[in-house]
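One-letter residues, chain by chain:
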Amino acid sequence: MRERDVPQDAGLNQGLQGITYAVAENGRYVVVPSLGWEPKNIANAQAWEVISEDINTQARLVRDGHRSPLAYYLAKHLMTVGLAASYVRLPRWRVKRHLKPSVFNRLKPEIMQRYADLFGLSLAEFKQIPAPETASPDEE
């Protein structure tokens, strides 16, 4: 793609710019800022909707007592059990068990602190999840 042909379709990306590699007039590759391309922006918006739904689902499961707060923070930070396990230096099967509230509530403080540090939270913040967002009257 030529430098002058780099798409600048603003809209769904909320003004954020990405970079695109394009061919300059002299035939060399250059980095060109781009507001995006409409199909890419739509796909990103749809992906973030799915991610938001997963975060809300995990929050509801935590509030209902079916999952531990760890499940919520994994979803919020787009982490898998395997990735979290590597960061906190535990086997995956143990991290998976920590998703159960009964196991999570019996965790040693040192392990709980590893998780809190992973997500950049205090221990008290990690043990809870934020309150659900309620729709304002003008959004209805």
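Now for a look at the structure at hand. These numbers come from a predicted model, not from an experiment.

**Description of the nonpolar core**
- Grouped together as the largest cluster of nonpolar side chains are 25 residues, with contacts concentrated most on L70, Y72, L74, V95, Y115, F119 and F126.
- A per-element tally of this core places helix α2 (residues 69-76) first, with six residues.
- When neighbours within four sequence positions are excluded, Y115 is seen to be in contact with L70, V88, L90, V95, H98, L107 and F126.

**A word on helix α3 (residues 81-88)**
- Turning to α3, its buried residues are A84, A85 and V88. Buried residues of α3 fall within an arc of 105° about the axis and therefore sit on the same side.
- Following α3 by one or two positions, R89 adopts a phi angle in the positive range, close to 60°.

**Here we look at helix α1 (residues 38-63)**
- Between its terminal C-alpha atoms α1 stretches 37 Å, which fits the 38 Å expected from 26 residues at 1.5 Å a residue.
- Here α1 has its buried residues at N41, I55, Q58, A59 and V62.
- In the core, the buried residues of α1 are packed alongside α2.
- Residue G65 follows α1 closely and has a positive phi angle near 85°.

Definitions and cut-offs
Residues numbered from 1 in each chain as written. Predicted model: local features only at pLDDT ≥ 70, side-chain atom pairs only at ≥ 80, totals over all residues. Heavy atoms only, no water. Core = buried A, V, L, I, M, F, W, Y, C linked by side-chain atoms within 4.5 Å. Buried < 20%, exposed > 50% of the residue type's maximum accessible area, 1.4 Å probe, protein only. Helix = DSSP H or I, 4+ residues; strand = E, 2+ residues; numbered from the N terminus. Contact = heavy atoms within 4.5 Å. Arc of directions from axis to C-beta. Expected span 1.5 Å × (residues − 1).

On their own, these measurements won't tell you what the molecule is for.
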